[in-house]
Amino acid sequence: MRVNGRPVPFDPRDPQLAATRLLDVLRDRLGLTGSKEGCGVGECGACAVLIDGRSACSCLVLTGQVAGNEITTVEGLADRGHGDLQAAFVRHHAVQCGYCIPGVLTSCAALLERNATPQRDDVTTALGGNLCRCTGYQRFTDAVCDVAAARRGAAPADDGDGDGDGPVGAVGSANSDGQRAGGS
Amino acid sequence: MTAPITSMHIARTADDADRLLSTGTEAVPLAGGTDLLVQRRSGRSVPAVVDLSGLDGDPVTRLENGALRLAATASLTDIAAGLDGRFPALLDAIAVFAAETIRNRATLGGNLATGSPAADTVPALLAADAVVELRGRDRRRQVTMVDFLLGPRRVDLRAGEWIESLWLPAPPGAGGMRKVAGRRAQAISLVSLAWQWELDPHGRRTAVRLAMGAVAPTVVRLRRAEAVLEGAPSTPEVAAQAAAAVSADIRPIDDLRAGADYRRRCAAGLLREVLGDVPPSTPSTPSAQIRSTHR
């Protein structure tokens, strides 16, 4: 088992660890407290991590089940090439209380890894298992589409949301983002 | 306080799983964990598990006659990718199943074994006449879906057994699944409907199979509605007759998600929508999206 690119300093098949939730091992054994426990039953996605590049709730995985897998937590997203995604979240003011963000970023990273040209609906689907009660999903979606466009090396002519405001994420420029979101 | 799991064994092969599940009477099969570990948190005692999530094998195998074998311990994401457009009813069901974080782990075997009348993949499997392949130490047996589903939270799965695969006759061209629920993700169905049929050159439906979830103690076939539709032309009158027949096929209850009366009206309306008699009133399923992105 590797976590954020490094082998773990214990045996994940050790009987006691094997039967412990991945979330607890990440937080308590490895000190990776980015992943949060929200509901503990797979509804909220605050504990979402990547398992071999796929988003999953670490509260519903036993460590022994992923003893041979590659785990990525929010702490490892930048090393995996998603620093631009995190920066875009900051630029788009996509974070308020922040509790859901590690899981949201993880699910968005998984989407970008399998789909270089996500549409806004794709982001909605990818975030079906991540609850946010502050910011809402508009700004997450703006950030993801912005990053996808930047990675393709082109500023998009249209951000695909049908409002004709052109590319999102033109930070500092006068786009309609503040208006649309009520300037929160 | 959730009681700890004191014993966890990892099955590397199917024979391993047979052996590990036969040695302790307490051990239960664990695959995706998205249901069992939730039940555990709600108080179910799960002292020992045998992990089946690492078993090798193709998620979907296509036989020469078009029949499909689906691995019961593969993730729904892998099943959807392996189906590659075949079996539209199951693809639709996977598209509306919980959310991606769950679909990446959850399995057909787990969704079947939990015995929920609202389980999202079960209507498609029942409508398709799937056969459940069970195994344990020194035994193997095949059970039809209709015999496997015994009641709420009750299925024909004996101690020491686990679900290895599902066998399906070649799926027909026309089919799908719709669910009605409070939200588009992470929601338990109030009513769900899977259907399949063949259209003959005269526009008549044949080999009509309908299965509905969350309206009876188990997912049920709508045999009276099927009889109305079989061989009949696609007219508004036939659709109305079929919708009226649904009421005798189901036995819904009041629960915290919906009342029995609402479920009855919903069930009839859902069938009319599926028959094209009235336009769909809820967003279409994102299955096309799932098909294209979960490769």
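Reading the values: the criteria
Residues numbered from 1 in each chain as written. Chains lettered and ligands numbered in written order. Predicted model: local features only at pLDDT ≥ 70, side-chain atom pairs only at ≥ 80, totals over all residues. Heavy atoms only, no water. Helix = DSSP H or I, 4+ residues; strand = E, 2+ residues; numbered from the N terminus. Contact = heavy atoms within 4.5 Å. Polar contact = N/O pair within 3.5 Å; in protein donor to acceptor, adjacent residues only side chain to side chain. Pairing = 2+ DSSP bridges. Axes fitted to C-alpha atoms, helices over the stretch in contact; angles between N-to-C directions. Buried < 20%, exposed > 50% of the residue type's maximum accessible area, 1.4 Å probe, protein only. Core = buried A, V, L, I, M, F, W, Y, C linked by side-chain atoms within 4.5 Å.

Novice: Where do I start with the environment of Arg 263 of chain B in this structure?
Specialist: Residues and elements named next belong to chain B. Position of Arg 263 among the secondary structure elements: in helix α11 (residues 260-274). Taking the C-alpha atoms as reference points, Arg 263 and Arg 251, separated by 12 residues in sequence, lie 9.5 Å from one another. The contact partners of Arg 263, leaving out residues within four places of it in the chain, are Leu 190, Val 191, Ala 214, Pro 252, Ile 253, Asp 255, Arg 257 and Ala 258. From its side chain, Arg 263 meets the backbone oxygen of Leu 190 in a polar contact 2.9 Å long.

Novice: Just to check I follow, could you spell out the sheet that holds strand β3 (residues 48-51) of chain B for this structure?
Specialist: Neighbouring strands of a sheet are bound in pairs by backbone hydrogen bonds; such pairs are parallel or else antiparallel. All names here are of chain B. Across the sheet, which stays open at both edges, the three strands sit in the order β1-β3-β2 with parallel pairing between neighbours. Unpaired on one side and paired on the other, β1 (7-10) and β2 (28-30) mark the two borders of the sheet. Between one strand axis and the next, the sheet turns through 30° on average, direction left out of account. Pairing of β2 with β3, which is carried by three bridges, proceeds in the parallel orientation. Residue pairing across strands places Pro 29 opposite Val 50, the latter belonging to β3.

Novice: Explain the side chain of Thr 106 of chain A to me, please; I cannot follow it from the model alone.
Specialist: Residue and element names in this part refer to chain A. In this fold, Thr 106 is placed in helix α4 (residues 101-114). Judged by relative accessible area, Thr 106 falls into the buried class, the value being 0%. Ignoring any residue separated from it by four or fewer positions in sequence, one finds Thr 106 in contact with Ala 48, Val 49, Leu 50, Ser 55, Val 74 and Leu 77.

Novice: I keep staring at the nonpolar core and nothing clicks. Help me out?
Specialist: Across soluble globular proteins, nonpolar side chains show a tendency to be buried alongside one another. Among the nonpolar cores identified, the biggest contains 61 residues, and Leu 70, Phe 87, Leu 90, Leu 112, Leu 125 and Met 145 of chain B are the most heavily contacted of them. Residues Val 180, Leu 193, Leu 210 and Val 274 of chain B belong to the second largest nonpolar core, which totals 29 residues.

Novice: Explain the sheet that holds strand β14 (residues 220-221) of chain B here, please?
Specialist: Residues and elements named next belong to chain B. Ordered by their spatial adjacency, four strands build an open sheet running β11-β12-β13-β14, and the pairing between neighbours is antiparallel. Looking at strand neighbours, the two that pair on one side only are β11 (174-180) and β14, the edges of this open sheet. Most of the contacts of helix α4 (residues 88-95) go to β11, to which it runs at about 25°, and overall it touches β11 and β12 (191-199).

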